[in-house]
Amino acid sequence: MAALPDLLGDIVENVDGLFLFSPSSSFYERFVEADPDVPVVVVAPENVVDAETYVQLPLEFDNVRDRIRFGVEGAMEHGLVEDGDAVACSVSVFDGDIDSVIRVRVSEGMRSGIFDLFANSRADPSVIRDVFEVAIELGKKGQKGKPVGALFVVGDAGKVMNKSRPLSYNPFEKSHVHVGDPIVNVMLKEFSRLDGAFVISDSGKIVSAYRYLEPSAEGVDIPKGLGARHMSGAAITRDTNATSIVLSESDGLVRAFKGGKMILEIDPEGH
Ligand SMILES: Nc1ncnc2c1ncn2[C@@H]1O[C@H](COP(=O)(O)OP(=O)(O)OP(=O)(O)O)[C@@H](O)[C@H]1O
Ligand SMILES: [Mn+2]
C-alpha cells in the first residue's frame, strides 16, 4: 500500500511556482529556499515576510477561489507565471495557519478580471478598496440593524454625471471629502438609506449622492434576477470607464461590475 505522501504528493509534483497566501515568516523561510527551481510568490495584504516576488491583496477574500484567482491573475500580470504553468497554492481555508494546497493550471481563459478590477480601473486601487470596505461594512451591519442597499459608481465621474440626474439635493455639493476618511464612512452609511447612486471620482472624492443613473442597458449581460439597482450599476460601466460596487438590500451580497460585466461577488458575512 502506498503511503499518503506518495499519493498526495502529485499535487505539488512538477509545479512551476509555489504561491504562499499570507504565510507567517517561519513558514515562508522554510519554503523560500526549499527548491531553487520553483519560484515562491507571496500573496498577502502586506509583505511582512519581505518576499522578493509579491502580489498585494487589497482585501482578505474569504472565498478561497477569489483569493487564488486574485493571486494568480496578479502574477500573470506581473509576468511571474504564464499560460500553461502549473502552480501550487498554499492557503488557509479555516482561520489561522496555512492548512491546504491547491493545484492550479494557469490559463488566459481562467482570467475573471478580479485583479484587473483593483489594479486597472480608472480609479486608484486604494479608492476601489476603500469603497469595497464601506460596502462590506454596510452589508454586515445594515442601517440600525435593517438590511440596506447601496450603489457606488467609482471613477470617470464627469461622464457618469452626464449620464445621470439628481433625485434630490446633493449633500456633497461643496464639500471636498474623500472615501476612506472615517467621517465620510459615517456619511455614506447615513445617505445610503435614500435612493440612487453615489458618484466617486478617480481620486476618491465624493462627487454626489442621490444620482439616478440613465445609461443605455444595451449589451449588458448580468445574472438574471438582479433588479434595477444592479442593472443600472452594471450598464453605467459599459457606457463609461467607471467601476460599480453594489450592495444588495435583498440578498446582502456585494457585487462589482466593470465593462458591463459582473466581475466579483462577495458575501460580507464571509459565508
Ligand atoms: N437607475 C438607477 N439609478 C440609481 N439608483 C437606482 C436606479 N434604479 C434603481 N435604483 C435604486 O435601487 C433601489 C432598489 O431597486 P431594485 O429593487 O429594482 O434593485 P435591485 O437590483 O433589486 O437591488 P436590491 O437587491 O437592493 O433590491 C431603488 O430604490 C433605487 O434606490
Ligand atoms: Mn430589489
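Residues numbered from 1 in each chain as written. Chains lettered and ligands numbered in written order. Predicted model: local features only at pLDDT ≥ 70, side-chain atom pairs only at ≥ 80, totals over all residues. Heavy atoms only, no water.

Asks: Explain the site of ligand 1 here, please?
Replies: Surveying the vicinity of ligand 1 reveals 14 residues, the closest of which are Asp-195, His-230, Ser-248, Glu-249 and Ser-250. Taking 620 Å² as the accessible area of ligand 1 by itself, protein coverage stands at 75%. Put simply, the parts of the chain that give the shell around ligand 1 at least two residues each are β9 (206-213) and α8 (228-239). Residue contributions to the shell around ligand 1 peak at four residues, all from α8. Of the residues in the shell around ligand 1, the class split is four nonpolar, six polar and four charged. (Near = heavy atom within 4 Å. Areas by Shrake-Rupley, 256 points an atom, 1.4 Å probe, with all protein chains shown as cover. Helix = DSSP H or I, 4+ residues; strand = E, 2+ residues; numbered from the N terminus. Nonpolar A, V, L, I, M, F, W, Y, C, P; charged D, E, K, R; others polar.)

Asks: Before we go on, may I ask you to explain the pattern of salt bridges in this structure?
Replies: Note on pairing: side chains with opposite charge can pair once their charged atoms come close. One pass over the full model with this rule turns up 13 salt bridges. With its nearest N and O atoms 3.6 Å apart, the salt bridge here joins Arg-122 to Asp-156. Placement of Arg-122 in the loop between α4 (114-119) and α5 (125-141) and of Asp-156 in the loop between β6 (150-154) and α6 (157-162) is noted, with a sequence separation of 34 residues between them. Look at Arg-122 and you get partly exposed, because its relative accessible area is 43%. (Salt bridge = Lys/Arg side-chain N within 4 Å of Asp/Glu carboxyl O. Buried < 20%, exposed > 50% of the residue type's maximum accessible area, 1.4 Å probe, protein only.)

Asks: Looking at this structure, how should I read the sheet that holds strand β2 (residues 40-44)?
Replies: Pairing between the strands of a sheet is mediated by backbone hydrogen bonds and can be parallel or antiparallel. Spatially, β3-β2-β1-β4-β5 is the arrangement adopted by the five strands of the open sheet, whose pairing is mixed. Two strands close off the open sheet at either side, each with one partner strand: β3 (54-56) and β5 (100-105). In this sheet, adjacent strand axes meet at a mean angle of 20° when their direction is disregarded. Bridge count between strand β1 (residues 17-21) and strand β4 (residues 86-91): four bridges; the pairing is parallel. Looking at the pairing, Leu-18 lines up with Ala-88 of β4. (Pairing = 2+ DSSP bridges. Axes fitted to C-alpha atoms, helices over the stretch in contact; angles between N-to-C directions.)

Asks: How should the UniProt feature "domain: DAC" (unreviewed entry) in the protein chain be read in this particular structure?
Replies: When the UniProt feature table is mapped onto this chain, "domain: DAC" (unreviewed entry) is found at residues 111-268. Overall, residues 111-268 shows 32% helix and 23% strand. The separation of its end C-alpha atoms is 23 Å. (UniProt positions renumbered as here; feature names shortened; annotations may be inferred.)

Asks: In this structure, what is going on with the domain arrangement of the protein chain? I would like to understand it.
Replies: Note on interface size: it is often stated as the accessible area lost on association of the parts. Taken as a whole, the protein chain is organised into domain 1 (2-115) and domain 2 (121-266). Relative placement of domain 1 and domain 2: their C-alpha centres are 32 Å apart. Contacts between the two partners involve seven residues from domain 1, matched on the other side by eight residues from domain 2. Of the roughly 520 Å² buried where domain 1 meets domain 2, counting both sides, 74% is carbon and sulfur surface. Along the contact surface separating domain 1 from domain 2 lie zero salt bridges. The interface formed by domain 1 and domain 2 includes zero residue pairs in polar contact (both at pLDDT 80 or more). Classifying every residue of the side of domain 1 that touches domain 2 gives four nonpolar, two polar and one charged. (Domains from an automatic or database assignment. Contact = heavy atoms within 4.5 Å. Buried area = accessible area lost by both parts, 1.4 Å probe. Polar contact = N/O pair within 3.5 Å; in protein donor to acceptor, adjacent residues only side chain to side chain.)

Asks: Honestly, the packing of aromatic side chains in this entry has me stumped. Any pointers?
Replies: Here the distance between the centres and the angle between the planes together describe a pair of aromatic rings. Summed over the entire model, instances satisfying the criterion amount to ten aromatic pairs. Judged by centre distance (5.5 Å) and plane angle (80°), the rings of Phe-172 and Phe-191 are edge-to-face. With a gap of 19 residues between them, Phe-172 in the loop between β7 (164-166) and α7 (182-191) and Phe-191 in helix α7 connect regions that are remote in the sequence. Exposure class is identical for Phe-172 and Phe-191. Each is buried. Taken together, the ring pairs in this structure connect Phe-61, Phe-70, Phe-115, Phe-118 and Phe-132 into an aromatic cluster. (Phe/Tyr/Trp six-rings, centres within 6.5 Å; stacked < 30°, edge-to-face > 60°.)

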